[in-house]
Protein chains: 2
Amino acid sequence: MDAIALLGGPKEQWPIDIKKKLLKAKEKNHLIFTSDRGSLFLLEMGIIPDIAVGDFDSLTASELNLIENKVKDIRYSHPVKNLTDSELLFRTALEDYHISHLKIYGATGGRLDHMLVNILTFVNFPLSEYCNNIEFIDIQNKIKLFNPGVYDLYEKNDYNYLGIGNLTQIENLSIKGAKYYLSNYCSKFPKMFSSNEFLENKKITISLELGIVIVIYCKDIDKFSNLS
Amino acid sequence: MDAIALLGGPKEQWPIDIKKKLLKAKEKNHLIFTSDRGSLFLLEMGIIPDIAVGDFDSLTASELNLIENKVKDIRYSHPVKNLTDSELLFRTALEDYHISHLKIYGATGGRLDHMLVNILTFVNFPLSEYCNNIEFIDIQNKIKLFNPGVYDLYEKNDYNYLGIGNLTQIENLSIKGAKYYLSNYCSKFPKMFSSNEFLENKKITISLELGIVIVIYCKDIDKFSNLS
């Protein structure tokens, strides 16, 4: 089953058409997960999440009351805890609800400790097992993670650049069919190869034998790419 | 010698008082490095960088002409290259100019492949040797990296949270004096422990025996932390 997760990261980093994406997901009966402040963001948009996770410590009593009256499945975490709210959300979605493809919004921008928790939790036990099932999406990046295997990547509209790197020790990472190719790269250290591009056949094949690879589809945004 | 580097990341992520910081650095005769579009951002602020690095492929001919007339040391990179502009800047600053403390702005936000290149280049040869000499700074995060050793961290104004994690395999990472402590943590996989806090004595001591640790001082920003 497909699902969407909205975390509490800054709205400025969300895709511009996020409300449309959420409504479309609702129509298809995809589940909507959210953590902490994300719950209120959704209610403001008139969208009731299916599952809300968090300690809700940044909400007022009346805001929490609103969540409790509207949302069917609420998972309370504790302010002093081993799991962050987003980790608890990911485990609920992937382990309890067996979501096969989770699109995650609100995971980037703002506090970088939060962003790194969100991404790096998928290179550690137990969520590393599910790293192929998730996708982080913001206003100009789509991030996918890959366990060992062979994968074909296809061009996406507007995303002109591709960053491919390893978040862990890596063995035999190869990139074929791209502007910049790589053959059997091995390293103990995480590294990002940025600004790669698709060629005419619009397909890039990556393969790896050990480790976890991160692939970031990137686009420049007008306001950032021009000086005027 | 101290220096500042301004990379081409989105202005929205720069500290609000960046111009003041740059002018203060100029007064103290600290060097100012910049890459690619950062050169123009600086000239717009009326600040002439000392060293400009890049392929300058995003500039017009007249903009490039302006840079070439104003900046003393220009390092041209090639559009098809092994080193990114920011890597070339870092190597120029740390290897050629022997900068002992480099504050790096414009390295975060926007395209995440760029951000990860900027950070992960310091866990790889040859720049890993210099990881203790640099600091990434944006509007709500200060990022420092640490090679094996024992380090005291002190509270910084407004930065209420601390993320501490490992970017590489790690041996015996300990965190003492913090709200959440850690004893001799060992792992093959990068991980971030977010939202830690200083206690009353306002000092946290971290130590590690192998690997590279990332410390992120974070603050919430009003527009992000409130819903209204």
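The structure displayed is predicted, hence computed values, not measured ones.

Rotating chain B by 180 degrees about the axis while translating it 0.0 Å along that axis superimposes it on chain A, leaving an RMSD of 0.0 Å. Interpreted geometrically, this transformation is the action of a two-fold axis. Considering only C-alpha atoms, the part of chain B nearest the rotation axis is Gly109 of chain B, at 3.2 Å. Of all interface residues in chain B, 100% are interface residues in chain A too; the two copies therefore contact each other through one and the same surface.

Applying the stated criterion to the full structure yields 20 aromatic pairs over all chains. With 4.9 Å between their ring centres and 50 degrees between their planes, Phe90 of chain B and Phe122 of chain B make a pair best called tilted. Taken together, the residues span a long stretch of sequence, with Phe90 of chain B in helix H4 (residues 85–96) and Phe122 of chain B in the loop between helix H5 (112–120) and strand S6 (134–137) at a distance of 32 residues. Just as Phe90 of chain B is buried, Phe122 of chain B falls in that class too. Clustering of aromatic rings is evident, with ring pairs tying together Phe90, Phe122 and Phe136 of chain A. We note Lys156 of chain A situated over the ring of Tyr217 of chain A; from NZ or CZ to the ring centre the distance is 4.7 Å.

For the rest of this paragraph, the subject is the pattern of salt bridges. In total, this model carries 20 salt bridges over all chains according to the counting rule given. With a closest N to O distance of 3.3 Å, Glu44 of chain B and Lys11 of chain B form a salt bridge. One end of the pair, Glu44 of chain B, is in helix H2 (residues 37–44); the other, Lys11 of chain B, is in the loop between strand S1 (2–6) and helix H1 (18–27), with 33 residues separating them in the sequence. Asp50 of chain B is the salt-bridge partner of Lys26 of chain B, the closest N and O atoms lying 3.8 Å from each other. Highlighted residues: Lys26 of chain B in helix H1 and Asp50 of chain B in the loop between H2 and strand S3 (51–54), separated in sequence by 24 residues. Among the residues examined, Lys26 of chain B registers a relative accessible area of 31% and is labelled partly exposed. Each of Asp73, Arg75 and Asp96 of chain A takes part in salt bridges that share partners, so that together they form one network.

Residues and elements named next belong to chain B. The strand order across the open sheet formed by 4 strands is S8-S13-S10-S11, and the pairing between neighbours is antiparallel. Of all the strands in the sheet, just strand S8 (149–154) and strand S11 (182–187) have a single pairing partner and so form its edges. Strand-to-strand twist in this sheet, taken as the mean axis angle between neighbours without regard to direction, amounts to 20 degrees. In terms of strand pairing, strand S10 (residues 170–176) meets strand S13 (residues 203–208) through 3 bridges, oriented antiparallel. Its bridge partner being in S13, Ile175 is matched across the sheet by Ile206.

This part covers the packing of H2 of chain B against helix H3 (residues 61–70) of chain B. Axis angle and axis distance: for two packed helices, these are the angle between their axes and the distance between the axes, and together they describe the pair. All names here are of chain B. At a minimum axis separation of 10 Å, H2 and H3 run at an interaxial angle of 75 degrees. Compared by their axis directions, H2 and H3 come out roughly perpendicular. Of the residues in H3, those touching H2 at Ser39, Leu40 and Leu43 are Glu63, Leu66, Ile67 and Lys70. Its residues assigned to classes, the contact of H2 with H3 comprises 4 nonpolar, 1 polar and 2 charged.

All names here are of chain A. Put simply, chain A has an average pLDDT of 93, and 96% of its residues get 70 or more. Low pLDDT, under 50, characterises residues 224–228; the predicted model gives this stretch 10 contacts beyond four residues in sequence or across chains. Reported for the predicted complex are a pTM of 0.94 and an ipTM of 0.93.

Looking along the chain, the bond that leaves Phe125 of chain A and enters Pro126 of chain A is cis, with omega of 0 degrees. Structurally, the position occupied by Pro126 of chain A is in the loop between helix H5 (112–120) and strand S6 (134–137). A positive phi angle, near 75 degrees, is found at Asp158 of chain A, a position not held by glycine. Within the secondary structure, Asp158 of chain A is located in the loop between strand S8 (149–154) and strand S9 (161–166). With a relative accessible area of 54%, Asp158 of chain A lands in the exposed category. Within the chain, Asn29 of chain B stands out as a residue other than glycine whose phi angle is a positive 60 degrees. Note on placement: Asn29 of chain B falls in the loop between H1 and strand S2 (31–35).

What counts and what doesn't
Residues numbered from 1 in each chain as written. Chains lettered and ligands numbered in written order. Predicted model: local features only at pLDDT ≥ 70, side-chain atom pairs only at ≥ 80, totals over all residues. Heavy atoms only, no water. Least-squares fit on C-alpha atoms with pLDDT ≥ 70 in both. Contact = heavy atoms within 4.5 Å. Phe/Tyr/Trp six-rings, centres within 6.5 Å; stacked < 30°, edge-to-face > 60°. Helix = DSSP H or I, 4+ residues; strand = E, 2+ residues; numbered from the N terminus. Buried < 20%, exposed > 50% of the residue type's maximum accessible area, 1.4 Å probe, protein only. Lys NZ or Arg CZ within 6 Å of the ring centre and 35° of its normal. Salt bridge = Lys/Arg side-chain N within 4 Å of Asp/Glu carboxyl O. Pairing = 2+ DSSP bridges. Axes fitted to C-alpha atoms, helices over the stretch in contact; angles between N-to-C directions. Parallel < 35°, antiparallel > 145°, perpendicular 65-115°, else oblique. Nonpolar A, V, L, I, M, F, W, Y, C, P; charged D, E, K, R; others polar. pLDDT = per-residue confidence, 0-100.

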